[in-house]
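Understanding the architecture of this molecule
Each chain, letter by letter, is given below.
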Amino acid sequence: MKRNVFVIGIGAGSPDYMTVQAIDALNQVRVFFVPDKGAEKSDLARLRREIIARFAINADYRIVGFDNPVRDSANANYRKGVSDWHDAVEDVYGRLLADQLQEGECGAFLAWGDPSLYDSILRILERLRARGDFELDYEVIPGISSVQALAAAHKIPINRIGEPIMITTGRKLQEGFPDNADSVIVMLDGQAAYKTVDGDMEIFWGAYLGTDDEILVSGRLRDVLDDIERVRREARAKKGWIMDTYLLRKPEGH
Ligand SMILES: C[S@@+](CC[C@H](N)C(=O)[O-])C[C@H]1O[C@@H](n2cnc3c(N)ncnc32)[C@H](O)[C@@H]1O
């Protein structure tokens, strides 16, 4: 039996980020696979369920919760840690698709933001297809990523006129500001890597974008660094987790 799956980008924070295409796809789904244990923050799991309840007007669906494996961040070999983690995720997803879909039923994974950006779902599905335990077909619905949410919240273009942008991670930024980049978007920064760059840079920082808890700070890095540190600390203490993204760019003319 062939498995048909949607990967639906649900936007990075607000249910209002759902596109018409995403809502249409949602209404063709009979089985939603929702990570609600393990690594997934309960707030995010709740948002996924809210989106399903609000937009799936045809109530003929079921939700299958699952435990998303966690990457072993203690593994000193980052790539090996990621590879082991992907193996574990592949097993979990493979079992969900093999066991939970009946003939003719369409399944779905709801990807935070856009499925193509720092999300392993598409790699995992491709691996499952290559593995060949069952026939698998999937469609990808784009979503509003945290990058777009950040730019809209700050009312800024991401690129300077005719200039490139780079999207990277906190881990990479710690190795140094990229040589030939003018504007750099940083995601997945658990280590506050912005502290390691030149204080002359401009920063546009946003946390919990698109949610009621959204926080924005912008300015010359050296002027706002303490604010960001304090706001981050307070927010993390209050909510128990933080999700932030920022744009760094060299001041005009540098
Ligand atoms: C695993 S990546 C997923 C990115 C997602 N696919 C997207 O399109 O935005 C998670 C990172 O995205 C960023 N992020 C996602 N949602 C965010 C939000 N609502 N506010 C700020 N940053 C967010 C953070 O940098 C976080 O560490």
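Counting restarts for each chain, with residues numbered from 1 along the sequence as it is written. In keeping with the predicted nature of the model, local features appear solely for residues at pLDDT of at least 70, side-chain atom pairs appear and are counted solely at 80 or more, and the whole-chain, interface and lining totals rest on all residues. Side-chain metrics in this entry use all non-hydrogen atoms of the structure; hydrogen atoms and water are not considered.

Going by an unreviewed UniProt entry, the chain carries the name Precorrin-6A synthase [deacetylating] and comes from Methyloceanibacter methanicus. Quoted verbatim from the Catalytic activity (unreviewed entry) field of UniProt, the annotation for the chain is "precorrin-5 + S-adenosyl-L-methionine + H2O = precorrin-6A + acetate + S-adenosyl-L-homocysteine + 2 H(+)". UniProt positions are given in the numbering used here, feature names are shortened, and annotations may be inferred rather than shown by experiment. Turning to the chain, the UniProt record has this under Pathway (unreviewed entry): "Cofactor biosynthesis; adenosylcobalamin biosynthesis."

This part takes up the side chain of Arg232. Here a strand is any run of E in DSSP of at least two residues, a helix any run of H or I of at least four, and the numbering for each starts at the N terminus. In this structure, Arg232 sits in helix 7 (residues 221-239). Of the residues examined, Arg232 reaches a relative accessible area of 6% and is grouped as buried. Should any heavy atoms of two residues lie within 4.5 Å, those residues are considered in contact. Leaving out residues up to four positions away in the same chain, Arg232 has contacts with Asp189, Ala192, Tyr194, Trp205, Ile242 and Asp244. Think of it in three bands: residues with accessible area under 20% of the maximum for their type are buried, residues over 50% are exposed, and the middle band is partly exposed, with areas taken using a 1.4 Å probe on protein chains only.

When a carboxyl oxygen of Asp or Glu is within 4 Å of a side-chain nitrogen of Lys or Arg, the pair counts as a salt bridge. Counting across every chain of the model gives 23 salt bridges. Across the pair Arg62 and Glu105 runs a salt bridge, and its minimum N-O distance is 2.9 Å. One end of the pair, Arg62, is in strand 3 (residues 62-68); the other, Glu105, is in the loop between helix 3 (78-100) and strand 4 (106-111), and 43 residues separate them in sequence. One salt bridge connects Glu90 with Arg127, and the closest N-O pair in it is separated by 2.6 Å. Separated by 37 residues along the polypeptide, Glu90 in helix 3 and Arg127 in helix 4 (residues 121-131) bring together distant segments of the chain. For Glu90, a relative accessible area of 9% puts it in the buried group. Judged by relative accessible area, which is 27%, Arg127 ranks as partly exposed. Through salt bridges with shared partners, one network takes in Asp87, Glu90, Asp91, Arg127, Arg131 and Asp133.

Another aspect to go through is the domain arrangement of the chain. Frequently, the measure chosen for interface size is the accessible area that the parts lose on association. Domains are outlined according to an automatic or database domain assignment. By the assigned domains, the chain splits into domain 1 (3-141) and domain 2 (146-249). Contacts between the two partners involve eleven residues from domain 1 and, on the opposite side, 15 residues from domain 2. In total, domain 1 and domain 2 occlude about 1,100 Å² of area from one another, counting both sides; carbon and sulfur atoms represent 69% of this. The interface formed by domain 1 and domain 2 holds zero salt bridges in total. Counted by class, the side of domain 1 that touches domain 2 contains seven nonpolar, two polar and two charged residues. The term buried area refers to how much accessible surface (probe radius 1.4 Å) is lost by two components on association, counted for both of them together. Basically, the charged four are Asp, Glu, Lys and Arg, the nonpolar ten are Ala, Val, Leu, Ile, Met, Phe, Trp, Tyr, Cys and Pro, and anything else, Gly included, counts as polar.

In this section: the site of the ligand. Around the ligand there are 16 residues in total, and Ala12, Leu117, Ser146, Asp244 and Thr245 lie nearest to it. Between Ser146 and the ligand, the recorded distance is 2.7 Å, taken from a side-chain N or O atom to an oxygen atom. Residue Leu209 places a main-chain N or O atom 2.9 Å away from a nitrogen atom belonging to the ligand. By residue class, the composition of the shell around the ligand is nine nonpolar, five polar and two charged. Counting the residues that make up the shell around the ligand, at least three belong to each of domain 1 (3-141) and domain 2 (146-249). A single heavy atom is enough: if one lies within 4 Å of a molecule or strand, its residue is considered near that molecule or strand. In protein, a polar contact means a hydrogen-donor-capable atom and an acceptor-capable atom, both N or O and within 3.5 Å, with residues adjacent in sequence counting only if both atoms are side-chain atoms; elsewhere, any N or O pair within 3.5 Å suffices.

Take the packing of helix 3 against helix 4 next. Here helix 3 crosses helix 4 at 65°, and the two axes come no closer than 10 Å. The angle between the axes of helix 3 and helix 4 places the two elements in the roughly perpendicular class. When you trace helix 3 past helix 4, the crossing you get is right-handed. Between helix 3 and helix 4, the residues in contact are His86, Asp87, Val89, Glu90, Asp91, Tyr93, Gly94 and Leu97 and Ile121, Arg123, Ile124, Leu125, Arg127, Leu128 and Arg131, respectively. A per-class count over the contact of helix 3 with helix 4 returns seven nonpolar, two polar and six charged. Orientation is described by lines fitted to C-alpha atoms, with helices fitted over the stretch in contact, and by angles between N-to-C directions that extend from 0 to 180 degrees. For classification purposes, angles smaller than 35 degrees are called roughly parallel, those larger than 145 roughly antiparallel, those between 65 and 115 roughly perpendicular, and all remaining angles oblique. When the near helix sits turned anticlockwise from the far one by under a right angle, the crossing is termed left-handed; a clockwise turn instead gives a right-handed crossing.

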